[in-house]
Amino acid sequence: MTASDKLTPPPGAAEPVRHPDAPAPGQPLGSHYDQCFGCGTGQEHGLHLAARAGEGVSVTAEFTVRPAHQGAPGLAHGGVLTSALDETLGALSWLLRTITVTGRLETDFLRPVPVGTTLHLAAHVRAVAGRKIYSTAAGRLDTPEGPVAVRADALFVEVNVDHFVEHGRDREIRAAMADPDQVRRARAFEVNP
């Protein structure tokens, strides 16, 4: 089995079903955790990625590449672009109302992304097989219809909150668990290993 085969839904995989309590299309999803590099507002050099619920099991997001995000002079670092795709793909779990971690992520870089560019991202779930969620995303330059600069296919795996309690740093876990806002508390444990 090749790496890409691992991102192909198996025969019999189910169509994704949006959870009835998922945010409505167009609704901002907000930060799942203030200190998240991808969407957290508490990260000075983070992406500050802003995601919105889409139709079905899809999301859109955008972020503007800042000087702190560059690799080569004047161009976004590939790891930062991969982080933006991962964050957007991870936001899909909020529409399924599951807690997931990234299991596999394959990224294709098609065009350079200059500093100052706003990257428009769109992601959707392709299929679900047991605890495995197969999804895809693309990032376009400057407008939602602009040329595709990056794209990714991903496999996310559903876990329970114990995954984060067992592997996270105690101080941050306790702070997130103590949040009186139940939605924010649940979202803190939404994505990534």
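Everything below is about the structure printed above this text.
Cut-offs applied
Residues numbered from 1 in each chain as written. Predicted model: local features only at pLDDT ≥ 70, side-chain atom pairs only at ≥ 80, totals over all residues. Heavy atoms only, no water. Helix = DSSP H or I, 4+ residues; strand = E, 2+ residues; numbered from the N terminus. Contact = heavy atoms within 4.5 Å. Areas by Shrake-Rupley, 256 points an atom, 1.4 Å probe, with all protein chains shown as cover. Core = buried A, V, L, I, M, F, W, Y, C linked by side-chain atoms within 4.5 Å. Buried < 20%, exposed > 50% of the residue type's maximum accessible area, 1.4 Å probe, protein only. Polar contact = N/O pair within 3.5 Å; in protein donor to acceptor, adjacent residues only side chain to side chain. Phe/Tyr/Trp six-rings, centres within 6.5 Å; stacked < 30°, edge-to-face > 60°. Lys NZ or Arg CZ within 6 Å of the ring centre and 35° of its normal. Pairing = 2+ DSSP bridges.

Our next topic: the overall build of the chain. Across its full length, the chain holds four helices and six strands. Reading the secondary structure of the chain in the N-to-C direction produces β-β-α-β-β-β-β-α-α-α. Residue pairs in contact within the chain that sit at least 24 positions apart in sequence constitute 66% of those at least 6 positions apart. Carbon and sulfur atoms make up 53% of the accessible area of the chain, which amounts to about 9,800 Å² in all.

Attention now goes to the nonpolar core. As a rule of thumb, nonpolar side chains are buried together in soluble globular proteins. Leu-49, Phe-63, Leu-89, Leu-119 and Leu-121 are the most contacted members of the largest nonpolar core, which has 35 residues in total. Elements represented by at least two residues in this core include exactly β1 (50–53), β2 (58–64), α1 (78–96), β4 (118–129), β5 (132–141) and β6 (148–158). The contacts of Leu-121, once residues within four sequence positions are left out, are Leu-49, Val-59, Thr-60, Ala-61, Glu-62, Phe-63, Ala-84, Leu-85, Thr-88, Ala-138 and Gly-139.

With that settled, the discussion passes to the side chain of His-69. Its location among the elements puts His-69 in the loop between β2 and α1. The exposure class of His-69 is buried, given its relative accessible area of 1%. In this structure the side chain of His-69 is engaged in a polar contact, spanning 3.1 Å, whose partner is the backbone oxygen of His-45. In contact with His-69, not counting residues within four places along its chain, are His-45, Gly-46, Leu-47, Phe-63, Thr-64, Leu-75, Ala-76, His-77 and Val-80.

With that settled, consider the packing of aromatic side chains. Summed over the entire model, instances satisfying the criterion amount to zero aromatic pairs. A cation over an aromatic ring shows up here: Arg-97 above the ring of Trp-94, its NZ or CZ 4.5 Å from the ring centre.

A separate point is the pairing of β2. As judged from the four bridges shared by β1 and β2, these two strands associate in the antiparallel manner. Bridged to Ala-53 within β2 is Val-59. Between β1 and β2, which pair antiparallel in sequence order, lie four residues; one of them, Gly-56, sits at a positive phi of approximately 60°. Looking at chain direction, β2 and β4 are connected through seven bridges and run antiparallel. By the bridge assignment for β4, Val-59 is matched with Ala-123.

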